[in-house]
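Take a look at the letters that make up each chain.
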Amino acid sequence: MVLLCQYGGFSLSFLSFTDICEALNVTVSPGPTVQYLEGDNATLHCHISQKRRTDNLLAVRWVFAASPTQERLMIKMTKFGSVQYYGNYTHHFHKQRLHLLKEKHGTMYTFLILSLQQTDQGHYICKVQEIGKHRNKWTAWSNGTAATEIRVISSKSSDHPTFKKNHEAWKFFEDLYVYAVFVCSIGIISVLLFTLVILCQSLLNRRRSTVKHYLVKCPQNSSGETVTSVTSMSPLQPKKVKKKKEKEKLEQPPAIPAK
């Protein structure tokens, strides 16, 4: 008995009754509704589980729906891992904003939307198809779908409660950051001043000790002043030795003249 599995407008045949299309367990996070401010970056994760075969490959599509009846295929990752863009999203501007990445374990796909705009608000649907080889032909084994809604809040709508909460929280942390920087600056300046004072004191003490080493304090002179003189490096002869030499010269008899 031949069965058909309808997916994305294509009918894929199965060759046995046991090959009935089973639904993949697909979930999208965050969801079911997530809010972002205009200009923020959105990150959506598509989780896949309960594959029929571990060696089967997955093809992932992201579809944008501004309304339930209007769907547009945005981006696709083929079973071989190549990324393809569709419709208006093939333009260079959209290619820079949209990125589809595959995680290492192969069961989660990350969809990035950079610099959100008001036109990006709507439902995002992740459609996954499990594909495997059967008798040298690629066959669809199962598929699954999950969706989430993105709401973009304009930065100008300051009266929105969510915007107010985010603005107040940011203002609080901004003030706290300013206070922390001010306190840290005062602490750093205090440490530098203390280090400078200690350095100056050590230099002055070292200079005073050097001057005391080379200067000798002499006794008071006749006027009562204390005179400081530099000590001579050559040793002085004692006075007693000089007096003995003078006495010896005087005691010697005069030389007798020769006849």
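Residues numbered from 1 in each chain as written. Predicted model: local features only at pLDDT ≥ 70, side-chain atom pairs only at ≥ 80, totals over all residues. Heavy atoms only, no water.

## Focus on the overall build of the protein
Counting secondary structure elements, the protein contains three helices and 15 strands. Each of the 259 residues in the protein was classed as buried or not, and the buried ones make up 24%. Carbon together with sulfur atoms contributes 59% to the accessible area of the protein, which is approximately 19,200 Å² in total. (Helix = DSSP H or I, 4+ residues; strand = E, 2+ residues; numbered from the N terminus. Buried < 20%, exposed > 50% of the residue type's maximum accessible area, 1.4 Å probe, protein only. Areas by Shrake-Rupley, 256 points an atom, 1.4 Å probe, with all protein chains shown as cover.)

## Observations concerning the packing of aromatic side chains
Under the defined criterion, the tally for this structure stands at four aromatic pairs. Ring centres of Phe64 and Tyr124 lie 5.1 Å apart, and the angle between their planes is 55 degrees; on these two criteria the pair is classed as tilted. In this pair, Phe64 sits in strand E7 (residues 57-67) while Tyr124 sits in strand E12 (residues 122-133), placing the two residues 60 residues apart along the sequence. Given a relative accessible area of 2%, Phe64 falls into the buried group. Aromatic side chains Phe111 and Tyr124 sit 6.5 Å apart centroid to centroid with 55 degrees between the ring planes, which places their arrangement in the tilted category. Placement of the pair is Phe111 in strand E11 (residues 108-113) and Tyr124 in strand E12, with a sequence separation of 13 residues. Comparing Phe111 with Tyr124 shows no difference in burial state: the two are buried. (Phe/Tyr/Trp six-rings, centres within 6.5 Å; stacked < 30°, edge-to-face > 60°.)

## Observations regarding the pairing of strand E4 (residues 25-29)
As a general feature of sheets, a regular strand has side chains that alternate between the two faces. Here E4 shows a clear split, with Val26 and Val28 buried on one side and none of Asn25, Thr27 and Ser29 buried on the other. The sheet contact formed by E4 and strand E6 (residues 42-49) spans five bridges and is antiparallel. Across the sheet, the residue bridging to Thr27 is His47, located in E6. (Pairing = 2+ DSSP bridges.)

## Focus on the state of the cysteines
Inspection of the entire model under this criterion finds one disulfide. Here Cys46 is linked by a disulfide to Cys126, with a sulfur-sulfur distance of 2.1 Å. On the sign convention where negative is left-handed, the bridge of Cys46 and Cys126, at about -90 degrees about the S-S bond, is left-handed. You can see Cys46 sitting in strand E6 and its partner Cys126 sitting in strand E12, a full 80 residues away along the chain. Note on accessibility: Cys46 and Cys126 belong to one class, buried. (Disulfide = S-S within 2.5 Å.)

## Thoughts on the nonpolar core
Residues Trp62, Phe111, Tyr124, Val128 and Ile150 are the most contacted members of the largest nonpolar core, which totals 29 residues. Aside from chain neighbours lying at most four places away, what touches Ile150 is Val34, Tyr36, Ala42, Leu44, Ile113, Asp120, Gln121, Gly122 and Tyr124. (Core = buried A, V, L, I, M, F, W, Y, C linked by side-chain atoms within 4.5 Å. Contact = heavy atoms within 4.5 Å.)

## Quick look at the sheet that holds E11
With respect to topology, four strands assemble into an open sheet ordered E4-E6-E11-E10, the strand pairing being antiparallel. At either end of the open sheet lies a strand with only one pairing partner, and these are E4 and strand E10 (98-102). Here the strands of the sheet are splayed against their neighbours by 15 degrees on average, with no regard to which way each runs. In this sheet, E11 lies alongside E10 in antiparallel orientation, the contact comprising five bridges. The partner of Leu100 across the bridge, within E11, is Phe111. (Axes fitted to C-alpha atoms, helices over the stretch in contact; angles between N-to-C directions.)

## Thoughts on the pattern of salt bridges
The tally for this structure, following the rule as stated, stands at three salt bridges. With its nearest N and O atoms 3.7 Å apart, the salt bridge here joins Lys127 to Glu71. Here Lys127 is found in strand E12, whereas its partner Glu71 is found in strand E8 (residues 70-77), with 56 residues between them in sequence. Here Glu71 falls in the partly exposed class, since its relative accessible area comes to 43%. Across the salt bridge formed by Glu149 and Arg151, the nearest N and O atoms sit 3.5 Å from each other. For Arg151, a relative accessible area of 37% puts it in the partly exposed group. (Salt bridge = Lys/Arg side-chain N within 4 Å of Asp/Glu carboxyl O.)

## Here's the deal with unusual backbone geometry
Negative phi values dominate among residues other than glycine, just as trans dominates among peptide bonds. Residues Ser29 and Pro30 are joined by a peptide bond in cis, for which omega reads -5 degrees. Turning to its location among the elements, Pro30 is positioned in the loop between E4 and strand E5 (33-37). In this chain, Gly31 is followed by Pro32 through a cis amide linkage whose omega measures 0 degrees. Mapped onto the secondary structure, Pro32 falls in the loop between E4 and E5. Positioned with a positive phi, Ser115 is a non-glycine residue whose angle comes to about 55 degrees. Tracing the chain through its elements places Ser115 in the loop between E11 and E12. Note on Ser115: relative accessible area 35%, which makes it partly exposed. Positioned with a positive phi, Asn136 is a non-glycine residue whose angle comes to about 60 degrees. The residue Asn136 is located in the loop between E12 and strand E13 (138-153) in this model.

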